[in-house]
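Descriptive analysis of the structure
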Amino acid sequence: MQYAIINKDKVDDFITRLAVQEKVYAPVARGYDNYSFEEVTSGKNVVSGRYIPTILPPKKYFMPQRETLLEYNLTEGQNMNAVVEYEKMAIFGVHTCDLAGIQAMNMVFSEKPADINYLIRKNKITIIGLECIEYCDQNASCTLVHNHLPNGGYDMFFTDIGDSFFVHVATQAGEEIIEKTKVFYDADAPHMRLLEQVRERKKKIFHDEVPIEYHELPELFQKSFDSKVWDNLDSRCIACGNCTAVCPTCYCFDVKEEPDLSLVQGKRYRIWDSCQSEPFAKVSGGESFRKMQGARQRHRYFRKFKYQFDKYSRPHCTGCGRCTRACMAKINLKETLNALIAEHA
Ligand code: SF4
Ligand code: SF4
């Protein structure tokens with residue numbers, strides 16, 4: 001079944017039945033218009049309608065905040081074991097911006113030398129997308145980066161068409177879910193027409209949020225290396241690292257050793273790190289190539305709109321708006337882009 005329908009009053013059943021088969025994570029409300037992907041065993045608290053992007057993106061399942069890479073025991077020779085921690089799971093309710101974030105991470109971690117831990121974990125995760133049919137809030141810029149419509153990267157994809165969800169079943173994992181949960185039925189021509197109407201309506205609601213074309217973004221940044229905009233960010237940014245922690249396409253990490261008290265056994269692990277923190281910017285000998293916060297912010301923006309765009313032919317900003325929502329200094333991604341555009345008008 002490539003196109004299926006599930007009635008809205010069956011979504012609870014769907015999640016409950018799926019959770020019997022495997023772990024299920026889904027967006028739940030955490031108050032004050034904050035949402036979080038959490039483990040659920042039924043659809044009771046699951047948000048299947050509008051929600052603004054969760055505080056942390058699904059990257060927390062693909063690349064855990066702390067992850068053991070190696071365990072060693074030197075009691076009898078050099079005994080070291082690589083560790084890969086993973087679990088089979090389904091993530092329900094992934095928006096198109098977060099699907100784009102996962103696609104970006106997949107590209108980065110598949111490059112040689114491939115990141116085996118990430119890739120093994122990725123293969124155990126089933127992704128069930130959920131289309132936004134309203135704008136989440138004013139901080140989103142998903143249309144600018146062409147992420148407001150589905151563009152693959154999922155096993156199943158739900159679109160609200162009124163009393164039911166239209167479901168695109170894209171992979172075998174998706175088909176197996178259809179068979180096991182038994183709450184779906186075939187889509188027909190009237191359902192297709194409803195889907196077309198939803199997409200037509202979206203054209204009126206979702207439009208370019210920033211006055212620049214997608215393909216012009218790298219050129220804008222090419223001209224902007226010495227911009228005064230970075231001086232402005234330099235005076236405001238407090239280097240908390242919130243913007244990189246919440247970003248679905250930031251993946252920098254530090255590797256640390258943790259020997260036990262005997263010093264003969266222990267583990268090596270990695271944890272999220274941030275280009276916004278000073279220790280991360282330092283290299284051997286204590287030299288720092290990006291001493292000022294403005295230079296670190298510039299680097300963050302260039303990673304999203306220039307360097308990665310040049311290398312992978314797509315921006316690594318998904319337009320989710322998380323960095324703006326999480327910034328304690330009220331540094332706003334759309335305002336930064338507008339300021340750069342104004343400078344070069
Ligand atoms: S830079 Fe900001 S808007 Fe872009 S993907 Fe990262 S968190 Fe989302
Ligand atoms: S969240 Fe804001 S203040 Fe914190 S490092 Fe990022 S831009 Fe700077």
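Scroll up for the structure.
Predicted model only: the values in this text are computed from it and were never measured.

1. Some points on the overall build of the protein chain
On a plain count of helices and strands, the protein chain comes out with 13 helices and twelve strands. Relative to the compact-globule value of 20 Å for 345 residues, the protein chain shows a C-alpha radius of gyration of 22 Å, a close match. Principal-axis analysis of the C-alpha atoms places the extent of the protein chain at approximately 65 × 65 × 40 Å. Scored against the burial criterion, the 345 residues of the protein chain give a buried share of 50%. The long-range fraction of contacts in the protein chain, counting pairs at least 24 apart against all pairs at least 6 apart in sequence, stands at 74%. Total accessible area on the protein chain is roughly 17,000 Å²; 50% of this is exposed by carbon and sulfur atoms. Computed over 45 positive and 46 negative side-chain charges, the inter-centroid distance for the protein chain is 2 Å.

2. Section: the packing of aromatic side chains
Under the criterion given, the structure shown has 22 aromatic pairs. Aromatic pair F109 and Y251: ring centres 5.6 Å apart, planes at 70°, arrangement edge-to-face. Here F109, found in helix α3 (residues 96-110), pairs with Y251, found in the loop between α9 (242-245) and β11 (253-259); they are 142 residues apart in sequence, far enough to count as distant. Neither residue differs from the other here; F109 and Y251 are each classed as buried.

3. Considering the site of ligand 1
The full set of residues close to ligand 1 is C247, P248, K304, C317, T318, C320, G321, R322, C323 and L333. Among the residues forming the shell around ligand 1, the class breakdown is six nonpolar, two polar and two charged.

4. A few points about the site of ligand 2
Around ligand 2, the neighbouring residues are C237, I238, A239, C240, G241, N242, C243, Q276, Q297, C327, A329 and I331. Of the residues that constitute the shell around ligand 2, the class distribution is eight nonpolar, four polar and no charged.

5. Here's the deal with the pairing of strand β7 (residues 125-130)
The buried fraction of β7 is high, at six of six residues. By the alternation rule, side chains of β7 split into I125, I127 and G129 and T126, I128 and L130, which are all buried. Note: strand β6 (residues 89-94) against β7, five bridges, orientation parallel. When the sheet's bridge partners are listed, I91 is paired in β7 with I127.

6. Focus: the nonpolar core
With 52 residues, the main nonpolar core has I6, F14, F158, V167 and F184 as its most contacted residues. Contact partners of F158, with chain neighbours within four places excluded, come to I6, F14, F92, I128, G129, L130, E131, F165, F166, V167 and F184. Grouped together as the second largest cluster of nonpolar side chains are 25 residues, Y214, L233, F305 and L340 included.

7. Description of the sheet that holds strand β5 (residues 79-82)
One open sheet accounts for four strands, arranged β5-β4-β12-β11; its pairing is antiparallel. Across the chains shown, the open sheet's two edge strands, defined by having one partner strand only, are β5 and β11. Neighbour to neighbour, the strand axes of the sheet diverge by 20° on average, direction disregarded. One ladder, built from seven bridges, connects strand β4 (residues 66-73) with strand β12 (residues 265-272); its direction is antiparallel. If you follow L70 over to β12, its bridge partner there is R268. Sheet strands in contact with helix α4 (residues 116-123) are β4 and β12, and its direction is about 120° off that of β4.

8. A few points about a nonpolar patch on the surface
Nonpolar side chains collect at one region of the surface, where L74, M80 and V264 lie side by side and expose about 220 Å² of accessible area between them. Residue placement: V264 occurs in the loop between β11 and β12.

9. A few points about the sheet that holds strand β9 (residues 164-169)
Strand pairs in the sheet, formed through backbone hydrogen bonds, run parallel or antiparallel to each other. Taking strand neighbours across the sheet as the criterion, the eight strands line up as β3-β2-β6-β7-β8-β9-β1-β10 in an open arrangement whose pairing is mixed. Unpaired on one side and paired on the other, β3 (34-40) and β10 (185-186) mark the two borders of the sheet. Relative to β10, strand β1 (residues 3-7) is paired through two bridges, and the arrangement is antiparallel. For I5, the partnering residue across the bridge sits in β10 and is Y185.

10. Quick word on helix α5 (residues 172-181)
Note on helix geometry: an α-helix contains 3.6 residues per turn, so any two residues three or four positions apart are oriented the same way. Here α5 has its buried residues at G174, I177, I178 and T181. The arc enclosing the buried residues of α5, seen along the axis, measures out at 100°, which places them on a common side. Away from the buried face of α5 by more than 90 degrees, exposed residues Q172 and E179 are located. In this structure, the buried residues of α5 make contact with β1, α1 (11-21), β7, β8 (156-160) and β9. Positive backbone phi, approximately 55°, marks K182, located one or two places after α5.

About the cut-offs
- The written sequence of each chain sets the order in which its residues are numbered from 1.
- Chains and ligands are labelled sequentially in the order written, the chains with letters from A and the ligands with numbers from 1.
- Reporting of local features is limited, given that this is a predicted model, to residues whose pLDDT is at least 70; pairs of side-chain atoms are given and counted only at 80 or more, and all residues count toward the totals for whole chains, interfaces and linings.
- Processing note: side-chain calculations cover all non-hydrogen atoms of the structure and skip hydrogens and water entirely.
- Numbered from the N terminus, helices here are DSSP runs of H or I no shorter than four residues, and strands are runs of E no shorter than two.
- Note on method: radius of gyration uses C-alpha positions; expected globular size equals 2.2 Å times residues raised to 0.38.
- We call a residue buried when its accessible area falls under 20% of the maximum for its residue type, exposed when it is over 50%, and partly exposed in between, using a 1.4 Å probe and counting protein chains only.
- Should any heavy atoms of two residues lie within 4.5 Å, those residues are considered in contact.
- All accessible areas in this document rest on Shrake-Rupley with a 1.4 Å probe, and a residue is counted as covered only by the protein chains that are shown.
- When charges are counted, Lys and Arg contribute as positive and Asp and Glu as negative, whereas His and the chain ends are disregarded.
- Note that the charge is assigned to NZ on lysines, CZ on arginines, CG on aspartates and CD on glutamates.
- Aromatic rings from Phe, Tyr and Trp, taking only the six-membered ring of Trp, are treated as a pair when their centres fall within 6.5 Å; an angle between ring planes under 30 degrees marks them as stacked, one over 60 as edge-to-face, and anything in between as tilted.
- It suffices for a single heavy atom of a residue to lie within 4 Å of a molecule or strand for the residue to be listed as near it.
- Note on residue categories: nonpolar means Ala, Val, Leu, Ile, Met, Phe, Trp, Tyr, Cys or Pro, charged means Asp, Glu, Lys or Arg, and polar means any other residue, Gly included.
- Paired strands are those between which DSSP finds at least two bridges.
- The criterion is simple. A nonpolar core is a set of buried Ala, Val, Leu, Ile, Met, Phe, Trp, Tyr and Cys residues joined through side-chain atoms within 4.5 Å.
- Only the contacting stretch of a helix is used when fitting its axis, a line to C-alpha atoms as for every element, and angles between N-to-C directions run 0 to 180 degrees.
- Exposure above 30% relative accessible area and the absence of a salt bridge qualify a residue for a patch, where like charges join within 9 Å and nonpolar side chains (Val, Leu, Ile, Met, Phe, Trp, Tyr) within 5 Å.
- Should a side-chain nitrogen of Lys or Arg be within 4 Å of a carboxyl oxygen of Asp or Glu, the pair is scored as a salt bridge.
- This arc is built from the directions going out from the helix axis to the C-beta atoms.

Any link to function would need more than the numbers given here.
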